[in-house]
Amino acid sequence: MQRAFAYFAAFTGMGMLFAGTLLLAAIVLGTGQASGNPSGTGSPAASAAPEGPIGTIEIHAFDLGFEPAEITVAEAGEYTVRFVNDGGVLHDVTFADGTKLEAEGHAEATGTVTIPAAGLSFICSVPGHADGGMQGSVTVGGGHGSHDASAAPAESMTAEEMLEHDAARTRAFPAETAGRGNAILEPTILADGTKEWELTASVFEWETEPGVFVEAWGYNEMVPGPQLRAEVGDRVRIVLHNELPAPTTIHSHGLIVPIEMDGVPVISQDAVMPGATFVYEYVIRNAGSHMYHSHFMAQRQVPLGLLGALVVTDPDEPRDADQDIDYAMVLNDGPLGFTINGKGFPATEPIVATRGQLVRVRYMNEGLQIHPMHLHGIPQLVIAKDGWYLPQPHYEDTVLVAPGERVDVLIEASELGIWAFHCHVLTHAEGDEGMFGMVTALIVQEP
């Protein structure tokens, strides 16, 4: 809350004036130079031009934004840049001239940038982060800085051009990309009836939207990892092979398991080292929408893709079979951008139903931020939370899903059409490039 008030103050007119004044003072004091001739000797024209940086620009990153986002410097020239990442995931500051500094969460980097008289814009180049709000600019002497046209195309377009630019992106939906995450992995049935899945954690390139490839850490070379499905009473084995350059584990999020199978290094098991294998084995005791993910440096490994859906049904519970379509929707944010089942719009996968069908959506938030999921045109009946049926289901049109939460809803496909389906934190779904990230659709067709 205190930070929120600080952000508010920083972005009011007085806050901007105060910040600019402090920055100007820091530059003047740091360089020992001011306008005119404060020393009273010599002349400004005769003074030698300064060598190297003439001041320092400090930029802090958080999830997802810059502080400050608008910076004013007294004059054009070379500046030292101190980039501090206060967030929990990798961020960078990339200036429009190509200068780039990056830092892991809670780390910092230092470099230099040359600010021209026209100013310079900057963004975080991690996919989805600029559209999510990580944009800013440096201006000289209170003027208006240049802007990266790719980050803000509307500034250089006519209304007609903006309309076509937006429409072209939407028309591409659903766009084809390499790889599909969250695919159901059928288990191997062992002699004693145990259901066994093999998961290999590795590093690979993942296409989040057409032409956008990012480095992912995931299971079986897909993001999210394979969807695992079991029933209450099943004995299961999850065989983890670690081909990562770092230790890892698997935590079965939401399941009641023996302590030695819980996946937390030191507390419940030793971390699985690179090249090693670990077997998780237990009897399924509770049904519901669950997840599995890394619990080693999880703030980095999970957003990079080490996550998956683990759906458990109860053969004695009729509500578990009371739907025509059962769809797990894994939400994630971080280095891969804002994604639904590992893809960003227009490469997200629509849910296709025929009129009259009952659709169960199992929301699973594996991200770092909250995501209120809004379906246009049709209400959502919230029936379960974190794997437990609600005693009194209720309707919502925007369903709040916090990090780690699972929320199950039923949707009656009663209205024909293509219905927008998106996160209602709008910077997770729309930007100057048009819709992106956490946007998909429910398509209701005639039988």
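Criteria and cut-off values
Residues numbered from 1 in each chain as written. Predicted model: local features only at pLDDT ≥ 70, side-chain atom pairs only at ≥ 80, totals over all residues. Heavy atoms only, no water. Helix = DSSP H or I, 4+ residues; strand = E, 2+ residues; numbered from the N terminus. Buried < 20%, exposed > 50% of the residue type's maximum accessible area, 1.4 Å probe, protein only. Contact = heavy atoms within 4.5 Å. Areas by Shrake-Rupley, 256 points an atom, 1.4 Å probe, with all protein chains shown as cover. Pairing = 2+ DSSP bridges. Axes fitted to C-alpha atoms, helices over the stretch in contact; angles between N-to-C directions. Salt bridge = Lys/Arg side-chain N within 4 Å of Asp/Glu carboxyl O. Polar contact = N/O pair within 3.5 Å; in protein donor to acceptor, adjacent residues only side chain to side chain. Phe/Tyr/Trp six-rings, centres within 6.5 Å; stacked < 30°, edge-to-face > 60°. Lys NZ or Arg CZ within 6 Å of the ring centre and 35° of its normal. Core = buried A, V, L, I, M, F, W, Y, C linked by side-chain atoms within 4.5 Å.

(A) Looking closely at the overall build of the protein chain. What the protein chain contains, in helices and strands, is 4 helices and 31 strands. Counting every position in the protein chain, which comprises 447 residues, the buried fraction comes to 49%. Sequence-distant contacts in the protein chain: of pairs separated by 6 or more residues, those separated by 24 or more amount to 70%. Accessible surface, the protein chain as shown: approximately 20000 Å² in total, 57% of it carbon and sulfur.

(B) The sheet that holds strand 21 (residues 351-354), seen in detail. Spatially, 21-31-28-23-26 is the arrangement adopted by the 5 strands of the open sheet, whose pairing is mixed. Strands at the two margins of the open sheet, each flanked by one partner only, are strand 21 and strand 26 (398-401). Direction aside, the axes of adjacent strands within the sheet are offset by 20 degrees on average. Judged from the 6 bridges that link them, strand 28 (residues 417-423) and strand 31 (residues 439-445) form a sheet pairing that is antiparallel. Bridging from a neighbouring strand, Ile 418 pairs with Ile 443 of strand 31.

(C) Broad picture of the pattern of salt bridges. Summed over the entire model, instances satisfying the criterion amount to 20 salt bridges. Residue Arg 82 is joined to Glu 58 by a salt bridge in which the shortest nitrogen-to-oxygen separation is 3.0 Å. In this pair, Arg 82 is assigned in strand 4 (residues 77-85) and Glu 58 in strand 1 (residues 56-62), connecting sequence segments 24 residues apart. A residue is classified by how much of its surface remains accessible, and Glu 58, at 33% relative accessible area, is partly exposed. A salt bridge links Asp 234 to Lys 195; its shortest N-O distance comes to 2.8 Å. On the criterion of sequence distance, the pair formed by Asp 234 in the loop between strand 13 (228-231) and strand 14 (235-242) and Lys 195 in strand 11 (residues 195-209) is long-range, its members being 39 residues apart. Take Asp 234 and Lys 195: they sit in the same class, and that class is buried.

(D) Expanded view of the sheet that holds strand 8 (residues 120-123). With mixed pairing, 5 strands are arranged side by side in an open sheet as 3-9-8-5-6. Across the chains shown, the open sheet's two edge strands, defined by having one partner strand only, are strand 3 (70-73) and strand 6 (100-103). On average, each strand axis in the sheet is tilted by 15 degrees relative to the strand beside it, whichever way the strands run. Summarising the sheet, strand 5 (residues 91-95) and strand 6 pair through 4 bridges and their orientation is antiparallel.

(E) Spatial organisation of the environment of Glu 108. Residue position: Glu 108 is located in strand 7 (residues 107-115). A relative accessible area of 43% places Glu 108 in the partly exposed class. As for Glu 108 and Ala 61, which are separated by 47 residues in sequence, their C-alpha atoms are 9.7 Å apart. Engagement of the side chain of Glu 108 in a polar contact is seen with the side chain of Arg 82, the distance being 3.0 Å.

(F) Main features of the packing of aromatic side chains. Following the criterion strictly, the structure yields 8 aromatic pairs and no others. Considering the side-chain rings of Phe 66 and Phe 122, the 5.1 Å spacing of their centres and the 75 degrees angle between planes classify their relative orientation as edge-to-face. In this pair, Phe 66 is assigned in strand 2 (residues 65-67) and Phe 122 in strand 8, connecting sequence segments 56 residues apart. Residue class for Phe 66 comes out buried when judged on its relative accessible area of 3%. A connected cluster of aromatic rings, assembled from ring pairs, spans Phe 66, Phe 95 and Phe 122. Sitting over the ring of Trp 217, Arg 300 keeps its end group 5.6 Å from the ring centre. The cationic tip of Arg 319 hangs over the ring face of Tyr 389; the distance from NZ or CZ to the ring centre is 4.1 Å.

(G) Representation of unusual backbone geometry. With omega at -5 degrees, the peptide bond leading from Glu 67 into Pro 68 counts as cis. Inspection of the secondary structure assignment puts Pro 68 in the loop between strand 2 and strand 3. The residue after Phe 173, namely Pro 174, is reached through a cis peptide bond having omega -10 degrees. Residue Met 297 is not a glycine yet carries a positive backbone phi of 45 degrees. Structurally, Met 297 is set in the loop between strand 17 (288-293) and helix 4 (298-301). We classify Met 297 as exposed; its relative accessible area is 51%.

(H) Structural context of the nonpolar core. The biggest cluster of nonpolar side chains holds 52 residues, and the ones touching the most others in it are Ile 59, Phe 66, Phe 95, Ile 115, Met 329, Tyr 363 and Ile 411. At 4 residues, strand 19 (residues 325-332) tops the list of elements feeding residues into this core. Ignoring any residue separated from it by four or fewer positions in sequence, one finds Tyr 363 in contact with Met 329, Met 373, Gln 380, Val 399, Val 401, Glu 405, Arg 406, Val 407, Val 409 and Phe 421. Within the second largest apolar cluster, 26 residues are counted, among which are Leu 199, Leu 228, Ile 238 and Leu 304.

(I) Region of the structure containing the side chain of Glu 405. Tracing the chain through its elements places Glu 405 in the loop between strand 26 and strand 27 (406-412). For Glu 405, a relative accessible area of 18% puts it in the buried group. Apart from the residues lying within four places of it in its own chain, the contact partners of Glu 405 are Tyr 363, Met 364, Asn 365, Lys 385, Asp 386 and Leu 400.

(J) Geometry of the environment of Thr 348. By secondary structure assignment, the location of Thr 348 is in the loop between strand 20 (339-340) and strand 21. What makes Thr 348 buried here is its relative accessible area of 1%. It is 7.1 Å that separates the C-alpha atoms of Thr 348 and Val 439, two residues lying 91 residues apart in sequence. Within the structure, the side chain of Thr 348 is placed 2.6 Å from the backbone oxygen of Val 439, a separation counted as a polar contact.

It is worth stressing that arrangement in space is one thing and function is another; only the former is reported here.
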